[in-house]
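So you can see what is in the structure, the chains are spelled out below.
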Amino acid sequence: MPEKRTVQRAKQAKREGKAPSTQAGEFVREEIKHVRQGKHGARSAKQAIAIGLSKARRAGVKLAPPAKGSTSEKTRRSAAGAYRAGQAGAARSRTRSRAATGALKDEGRAAASSGALARHARAAASERTASERSAAARKAARSKGAEGRAAAARKAARTRARNR
(Lines give C-alpha, C1' and ligand atoms only; values in the text may rest on other atoms or scores of the structure.)
Protein backbone atom coordinates (compact mmCIF):
# COMPACT_ATOMS: atom_id res chain seq x y z
CA MET A 1 0.00 0.00 0.00
CA PRO A 2 1.57 3.33 -1.01
CA GLU A 3 2.01 6.02 1.61
CA LYS A 4 -0.50 8.87 1.59
CA ARG A 5 2.27 11.43 0.91
CA THR A 6 3.37 9.51 -2.20
CA VAL A 7 -0.16 9.44 -3.63
CA GLN A 8 -0.56 13.17 -2.90
CA ARG A 9 2.72 14.01 -4.68
CA ALA A 10 1.67 11.92 -7.70
CA LYS A 11 -1.70 13.72 -7.81
CA GLN A 12 0.10 17.07 -7.60
CA ALA A 13 2.27 16.04 -10.57
CA LYS A 14 -0.90 15.12 -12.49
CA ARG A 15 -2.46 18.52 -11.73
CA GLU A 16 0.72 20.17 -13.02
CA GLY A 17 0.27 18.28 -16.28
CA LYS A 18 3.32 16.05 -15.84
CA ALA A 19 3.60 12.80 -17.81
CA PRO A 20 2.31 9.53 -16.28
CA SER A 21 5.90 8.27 -16.04
CA THR A 22 6.77 11.33 -13.91
CA GLN A 23 3.76 10.65 -11.67
CA ALA A 24 4.88 7.01 -11.35
CA GLY A 25 8.36 8.20 -10.38
CA GLU A 26 7.02 9.11 -6.94
CA PHE A 27 6.08 5.46 -6.33
CA VAL A 28 9.47 4.25 -7.57
CA ARG A 29 11.18 6.72 -5.21
CA GLU A 30 9.09 5.36 -2.33
CA GLU A 31 10.04 1.78 -3.21
CA ILE A 32 13.76 2.60 -3.30
CA LYS A 33 13.34 4.27 0.11
CA HIS A 34 11.65 1.14 1.50
CA VAL A 35 14.49 -1.10 0.34
CA ARG A 36 17.07 1.29 1.82
CA GLN A 37 15.18 1.40 5.13
CA GLY A 38 15.15 -2.40 5.26
CA LYS A 39 11.37 -2.75 5.04
CA HIS A 40 12.04 -5.41 2.42
CA GLY A 41 14.65 -6.16 -0.24
CA ALA A 42 14.83 -6.55 -4.00
CA ARG A 43 16.86 -8.76 -6.30
CA SER A 44 17.93 -5.86 -8.52
CA ALA A 45 17.38 -2.17 -9.15
CA LYS A 46 15.20 -3.19 -12.09
CA GLN A 47 12.92 -5.19 -9.76
CA ALA A 48 12.63 -2.31 -7.28
CA ILE A 49 11.62 0.00 -10.14
CA ALA A 50 9.12 -2.56 -11.47
CA ILE A 51 7.48 -2.83 -8.03
CA GLY A 52 7.16 0.96 -7.89
CA LEU A 53 5.59 1.09 -11.37
CA SER A 54 3.14 -1.66 -10.41
CA LYS A 55 2.14 0.30 -7.28
CA ALA A 56 1.64 3.39 -9.44
CA ARG A 57 -0.64 1.53 -11.86
CA ARG A 58 -2.65 0.07 -8.96
CA ALA A 59 -2.97 3.56 -7.46
CA GLY A 60 -4.63 4.79 -10.66
CA VAL A 61 -1.75 6.42 -12.57
CA LYS A 62 -2.55 6.15 -16.29
CA LEU A 63 0.75 4.45 -17.09
CA ALA A 64 0.14 2.07 -20.00
CA PRO A 65 1.58 -1.47 -19.84
CA PRO A 66 4.80 -2.00 -21.85
CA ALA A 67 4.47 -2.54 -25.59
CA LYS A 68 4.56 -6.03 -27.08
CA GLY A 69 8.11 -7.22 -27.63
CA SER A 70 9.68 -4.79 -25.16
CA THR A 71 9.27 -7.14 -22.17
CA SER A 72 8.18 -10.71 -21.47
CA GLU A 73 4.54 -11.71 -21.94
CA LYS A 74 4.28 -12.43 -18.19
CA THR A 75 5.42 -8.89 -17.31
CA ARG A 76 3.01 -7.36 -19.81
CA ARG A 77 0.10 -9.42 -18.41
CA SER A 78 0.99 -8.40 -14.85
CA ALA A 79 1.25 -4.72 -15.82
CA ALA A 80 -2.06 -4.87 -17.71
CA GLY A 81 -3.76 -6.42 -14.67
CA ALA A 82 -2.34 -3.75 -12.35
CA TYR A 83 -3.45 -1.01 -14.79
CA ARG A 84 -7.00 -2.41 -14.98
CA ALA A 85 -7.20 -2.73 -11.18
CA GLY A 86 -6.03 0.86 -10.77
CA GLN A 87 -8.48 2.26 -13.29
CA ALA A 88 -11.35 0.29 -11.72
CA GLY A 89 -10.35 1.37 -8.22
CA ALA A 90 -10.10 -2.25 -7.05
CA ALA A 91 -8.54 -2.97 -3.67
CA ARG A 92 -5.55 -5.33 -3.53
CA SER A 93 -6.05 -8.53 -1.57
CA ARG A 94 -4.33 -8.67 1.82
CA THR A 95 -3.14 -12.22 1.12
CA ARG A 96 -1.42 -11.23 -2.12
CA SER A 97 0.14 -8.17 -0.53
CA ARG A 98 1.53 -10.19 2.40
CA ALA A 99 2.85 -12.90 0.07
CA ALA A 100 4.71 -10.32 -2.04
CA THR A 101 6.24 -8.63 1.00
CA GLY A 102 7.14 -12.02 2.51
CA ALA A 103 8.98 -13.05 -0.65
CA LEU A 104 10.85 -9.74 -0.79
CA LYS A 105 11.95 -10.02 2.87
CA ASP A 106 14.48 -12.67 1.82
CA GLU A 107 16.13 -10.43 -0.79
CA GLY A 108 19.11 -8.18 -0.19
CA ARG A 109 19.23 -4.41 0.24
CA ALA A 110 22.04 -3.70 -2.25
CA ALA A 111 19.57 -3.24 -5.13
CA ALA A 112 18.77 0.29 -3.89
CA SER A 113 22.38 1.39 -3.46
CA SER A 114 23.50 4.42 -5.43
CA GLY A 115 25.97 2.22 -7.35
CA ALA A 116 23.28 -0.28 -8.35
CA LEU A 117 20.94 2.51 -9.47
CA ALA A 118 23.75 4.17 -11.44
CA ARG A 119 24.57 0.87 -13.18
CA HIS A 120 20.89 0.41 -14.06
CA ALA A 121 20.61 3.98 -15.39
CA ARG A 122 23.69 3.52 -17.59
CA ALA A 123 22.40 0.18 -18.90
CA ALA A 124 18.98 1.69 -19.65
CA ALA A 125 20.53 4.71 -21.37
CA SER A 126 22.83 2.54 -23.50
CA GLU A 127 19.76 0.82 -24.99
CA ARG A 128 18.56 4.16 -26.37
CA THR A 129 20.01 5.95 -29.38
CA ALA A 130 21.90 9.24 -29.04
CA SER A 131 19.04 11.12 -30.71
CA GLU A 132 16.50 9.59 -28.30
CA ARG A 133 18.62 10.61 -25.31
CA SER A 134 19.08 14.09 -26.76
CA ALA A 135 15.34 14.50 -27.38
CA ALA A 136 14.60 13.40 -23.80
CA ALA A 137 17.09 15.98 -22.46
CA ARG A 138 15.51 18.75 -24.60
CA LYS A 139 12.03 17.80 -23.37
CA ALA A 140 13.25 17.79 -19.74
CA ALA A 141 14.76 21.27 -20.18
CA ARG A 142 11.48 22.57 -21.67
CA SER A 143 9.36 21.27 -18.80
CA LYS A 144 11.76 22.54 -16.12
CA GLY A 145 10.79 26.21 -16.32
CA ALA A 146 13.09 29.22 -16.03
CA GLU A 147 13.75 28.77 -12.30
CA GLY A 148 14.50 25.05 -12.73
CA ARG A 149 16.89 25.73 -15.62
CA ALA A 150 18.73 28.35 -13.57
CA ALA A 151 19.09 25.91 -10.65
CA ALA A 152 20.34 23.19 -13.02
CA ALA A 153 22.90 25.60 -14.50
CA ARG A 154 24.18 26.51 -11.02
CA LYS A 155 24.46 22.82 -10.13
CA ALA A 156 26.31 22.06 -13.38
CA ALA A 157 28.75 24.91 -12.68
CA ARG A 158 29.42 23.55 -9.18
CA THR A 159 30.00 20.07 -10.60
CA ARG A 160 32.43 21.39 -13.24
CA ALA A 161 34.32 23.38 -10.59
CA ARG A 162 34.59 20.32 -8.34
CA ASN A 163 35.89 18.09 -11.16
CA ARG A 164 38.69 20.45 -12.23
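Residues numbered from 1 in each chain as written. Predicted model: local features only at pLDDT ≥ 70, side-chain atom pairs only at ≥ 80, totals over all residues. Heavy atoms only, no water.

We now examine the overall build of the protein chain. Of the regular secondary structure elements, the protein chain holds seven helices and zero strands. The order of helices and strands in the protein chain, counted from the N terminus, is α-α-α-α-α-α-α. Over its C-alpha atoms, taken along the principal directions, the protein chain stretches across nearly 55 × 35 × 35 Å. Counting only residues that meet the buried cut, the protein chain has 21% of its 164 residues in that class. A separation threshold of at least 6 residues defines the contact pool for the protein chain, and within that pool the share at least 24 residues apart is 61%. As displayed, the protein chain has an accessible area near 11,300 Å², and 53% of this comes from carbon and sulfur atoms. Charge separation in the protein chain, taken as the distance between the mean sites of 43 positive and 11 negative side-chain charges, equals 3 Å. (Helix = DSSP H or I, 4+ residues; strand = E, 2+ residues; numbered from the N terminus. Buried < 20%, exposed > 50% of the residue type's maximum accessible area, 1.4 Å probe, protein only. Contact = heavy atoms within 4.5 Å. Areas by Shrake-Rupley, 256 points an atom, 1.4 Å probe, with all protein chains shown as cover. Lys, Arg positive; Asp, Glu negative; His and termini not counted. Charge placed at Lys NZ, Arg CZ, Asp CG, Glu CD.)

Tracing the sequence through the fold places His 34 in helix α2 (residues 20-37). Owing to a relative accessible area of 4%, His 34 belongs among the buried residues under this scheme. With sequence-adjacent residues up to four places away left out, His 34 is seen in contact with Glu 3, Lys 39, His 40 and Lys 55.

Our next topic: a positive patch on the surface. On the surface, Lys 144, Arg 154, Lys 155, Arg 158 and Arg 162 cluster together into a patch of positive charge. Tracing the backbone shows Arg 162 in helix α7 (residues 130-162). (Patch = residues over 30% accessible without salt bridge, like charges linked within 9 Å, V, L, I, M, F, W, Y side chains within 5 Å. Salt bridge = Lys/Arg side-chain N within 4 Å of Asp/Glu carboxyl O.)

We now examine the pattern of salt bridges. On inspection of all chains with the given rule, the structure shows eight salt bridges. A salt bridge links Glu 30 to Lys 55; its shortest N-O distance comes to 3.5 Å. Placement of the pair is Glu 30 in helix α2 and Lys 55 in helix α3 (residues 45-58), with a sequence separation of 25 residues. Of the two residues examined, Glu 30 and Lys 55, each falls in the buried class. By relative accessible area, Lys 55 is classed as buried at 15%. Shared partners join several salt bridges into a network, and the residues in it are Arg 9, Glu 26 and Arg 29.

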